[in-house]
Amino acid sequence: QVQLVEAGGGLLQAGGPLRLSCVASGRTFSNYSMGWFRQAPGKEREFVARINGSGGTTAYGDSVKGRFTISRDTAKNPIYLQMNSLKPEDTAVYYCAAASSWTRRYDYWGQGTQVTVSS
């Protein structure tokens, strides 16, 4: 059974850092592109960041560029999202997702982890 499990969410003050992790299991994800998305209450799901299978290519949503960094370790699992200079508008449930390639849709999703940034 394929599972993506996010961890690291929490409550913190604006300006602080937080690192999320995503562990994938149930199949080999070493060549999968992995992404992070978020959804705030009453808003549509928003793309945050993604990384390709080799870890050599990344992309970011405009609202997080320069503040967030996506990475994957040498064993390709887990996936990390380092979030710096957090703002109250970053408050959302953050989801990890996996796609079989950079251009394919995301096939697998985690349950999400809550990030709350207070002002």
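Check the entry above for the structure.
Residues numbered from 1 in each chain as written. Predicted model: local features only at pLDDT ≥ 70, side-chain atom pairs only at ≥ 80, totals over all residues. Heavy atoms only, no water.

1. Observations concerning the sheet that holds strand β8 (residues 79-83)
On the basis of which strands lie adjacent, the open sheet formed by four strands has the order β1-β3-β8-β7 and antiparallel pairing. Only two strands of the sheet have a single neighbouring strand rather than two, namely β1 (3-7) and β7 (68-72). Taken over all neighbouring pairs, the strand axes of this sheet differ in orientation by 15° on average, direction set aside. With five bridges connecting them, β1 and strand β3 (residues 18-25) associate as antiparallel partners. By the bridge assignment for β3, Q3 is matched with S25. (Pairing = 2+ DSSP bridges. Helix = DSSP H or I, 4+ residues; strand = E, 2+ residues; numbered from the N terminus. Axes fitted to C-alpha atoms, helices over the stretch in contact; angles between N-to-C directions.)

2. Looking at the pattern of salt bridges
Considering all chains together, one arrives at five salt bridges under this definition. When the shortest N-O distance is used, the salt bridge between E46 and R38 registers 2.8 Å. For R38, a relative accessible area of 5% corresponds to the buried category. Notably, a salt bridge pairs R67 with D90, separated by 2.7 Å at the nearest N-O pair. Of this pair, R67 sits in the loop between β6 (58-60) and β7 while D90 sits in the loop between β8 and β9 (92-99), and the two are 23 residues apart along the sequence. (Salt bridge = Lys/Arg side-chain N within 4 Å of Asp/Glu carboxyl O. Buried < 20%, exposed > 50% of the residue type's maximum accessible area, 1.4 Å probe, protein only.)

3. Considerations on the pairing of β7
Burial along β7 is one-sided: the residues F68, I70 and R72 are buried and none of T69 and S71 is. Where β7 lies against β8, five bridges are found, and the strand directions are antiparallel. Among the inter-strand pairings, R72 is bridged to a residue of β8, identified as I79.

4. Comments concerning the nonpolar core
Counting 27 residues, the largest nonpolar core has M34, W36, L81, M83 and Y94 as its most contacted members. Elements with a minimum of two residues in this core: β3, β4 (33-39), β5 (46-51), β7, β8, β9 and β11 (113-118). (Core = buried A, V, L, I, M, F, W, Y, C linked by side-chain atoms within 4.5 Å.)

5. Details of unusual backbone geometry
Despite not being glycine, S85 has its phi angle at roughly 50°, a positive value. By the element assignment, S85 lies in the loop between β8 and β9.

6. A look at the side chain of R72
Examined against the element boundaries, R72 turns out to sit in strand β7. At 6.7 Å, D73 is the nearest oppositely charged side chain to R72, a buried residue that forms no salt bridge. Within the local environment of R72, its side chain forms a polar contact with the backbone oxygen of Y32, the two atoms lying 2.8 Å apart. At a separation of 2.7 Å, a polar atom in the side chain of R72 contacts the main-chain carbonyl oxygen of N52. Setting aside residues no more than four positions away along its own chain, R72 makes contact with F29, S30, Y32, S33, M34, I51, N52, G53, G55, P78 and I79. (Lys, Arg positive; Asp, Glu negative; His and termini not counted. Polar contact = N/O pair within 3.5 Å; in protein donor to acceptor, adjacent residues only side chain to side chain. Contact = heavy atoms within 4.5 Å.)

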